[in-house]
Amino acid sequence: MSDEESYEEESEEEEEEEEKPVKKVDPAEQQRLDDLARKAEEANRKKEEEEKKKQMVVDREKAKQDEGRRRIEDRERKKAEVRARLEESSRKKKNGFLTGARKKKLKAFLMKKIREDMLAQIARKEEAKRKALAQRVPQLPNLEVMNSSQLEALCQNLLGHVERVEGERYDLMYKIKENENQIMDMQYAVNDLRGKL
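Residues numbered from 1 in each chain as written. Predicted model: local features only at pLDDT ≥ 70, side-chain atom pairs only at ≥ 80, totals over all residues. Heavy atoms only, no water.

**Description of the overall build of the chain**
Then step 1. Scanning the chain from terminus to terminus reveals four helices and zero strands.
Then step 2. When its helices and strands are written in sequence order, the chain yields α-α-α-α.
Then step 3. Every one of the 197 residues in the chain was classed for burial, and the buried ones make up 1%.
Then step 4. With the model as given, the accessible surface of the chain reaches about 19,800 Å², and the carbon-plus-sulfur share is 54%. (Helix = DSSP H or I, 4+ residues; strand = E, 2+ residues; numbered from the N terminus. Buried < 20%, exposed > 50% of the residue type's maximum accessible area, 1.4 Å probe, protein only. Areas by Shrake-Rupley, 256 points an atom, 1.4 Å probe, with all protein chains shown as cover.)

In structure tokens, the structure reads:
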């Protein structure tokens, strides 16, 4: 009987469903409802997109702030590391790198090196001076084998050379004095300008 009862219940439910009137919807009304549903879906989608954009902007700002904080923390950490290393190295070097004996050795080495450099520089200057004199001063021929006319010609030649060198020296001395005067004038002008300011 249970099978029969269940069959009867099912048939009753089917009859109830069939008895329900099927509503017929007007196509224009259906179109309007579909449009409303579509508009609601689009509005929801736009709203979700705007929320996503806002969330992305907020996430970017948070990322920038986190990056800035991270950079500051890194800088502070590095500074602390450097300070720690400096403190540690200063603790290790209680006596310092240069002790008295090391200072004396270093001073002796530097003095020796300076002395060698000065001697080498003096030798270079002497060599340059000899070369310059050799170029500027003509070699004298053997005077003992020369007759009086040759000696007279040699004297005239040397006198011309001396006059030429003296003229060049005079020109150079004049240029030096002129430059010194210009320097003095410029120094006065600079001092006047400083006084006005």
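**Some remarks on the layout of surface pockets**
Then step 1. The calculated volume of the largest pocket comes to roughly 230 Å³.
Then step 2. Mapped onto the lining of the largest pocket, the elements with two or more residues apiece are helix 3 (100-136) and helix 4 (148-196).
Then step 3. It is helix 4 that provides the largest number of residues to the lining of the largest pocket, a total of seven residues.
Then step 4. Here the lining of the largest pocket is built from residues that sort into six nonpolar, one polar and four charged. (1 Å grid on protein atoms, 1.4 Å probe; cavity = no way out; pocket = protein on both sides within 12 Å on 5 of 7 lines; lining within 4 Å. Points joined across faces, edges and corners; volume = space filled by probe spheres on them. Nonpolar A, V, L, I, M, F, W, Y, C, P; charged D, E, K, R; others polar.)

**Concerning the environment of glutamate 166**
Then step 1. Inspection of the secondary structure assignment puts glutamate 166 in helix 4.
Then step 2. Within the structure, the side chain of glutamate 166 is placed 3.1 Å from the side chain of arginine 169, a separation counted as a polar contact. (Polar contact = N/O pair within 3.5 Å; in protein donor to acceptor, adjacent residues only side chain to side chain.)

**Notes on the pattern of salt bridges**
Then step 1. Applying the stated rule across the entire model yields nine salt bridges.
Then step 2. Residues glutamate 29 and arginine 32 are paired through a salt bridge, measuring 2.5 Å at the closest nitrogen-oxygen approach. In this pair, glutamate 29 and arginine 32 both sit in helix 2 (residues 27-92), three residues apart, roughly one turn of the helix.
Then step 3. Overall, the relative accessible area of 30% leaves glutamate 29 in the partly exposed class. (Salt bridge = Lys/Arg side-chain N within 4 Å of Asp/Glu carboxyl O.)

**Some thoughts on a negative patch on the surface**
Then step 1. On the surface, Glu48, Glu49, Glu50 and Glu51 cluster together to form a negatively charged patch.
Then step 2. Along the chain, glutamate 49 turns up in helix 2. (Patch = residues over 30% accessible without salt bridge, like charges linked within 9 Å, V, L, I, M, F, W, Y side chains within 5 Å. Lys, Arg positive; Asp, Glu negative; His and termini not counted. Charge placed at Lys NZ, Arg CZ, Asp CG, Glu CD.)

**Some thoughts on a nonpolar patch on the surface**
Then step 1. A cluster of nonpolar side chains, namely Leu98, Leu106, Phe109, Leu110, Met111, Ile114 and Met118, defines an oily patch on the protein surface of about 660 Å² accessible area.
Then step 2. Relative to the helices and strands, leucine 106 resides in helix 3.

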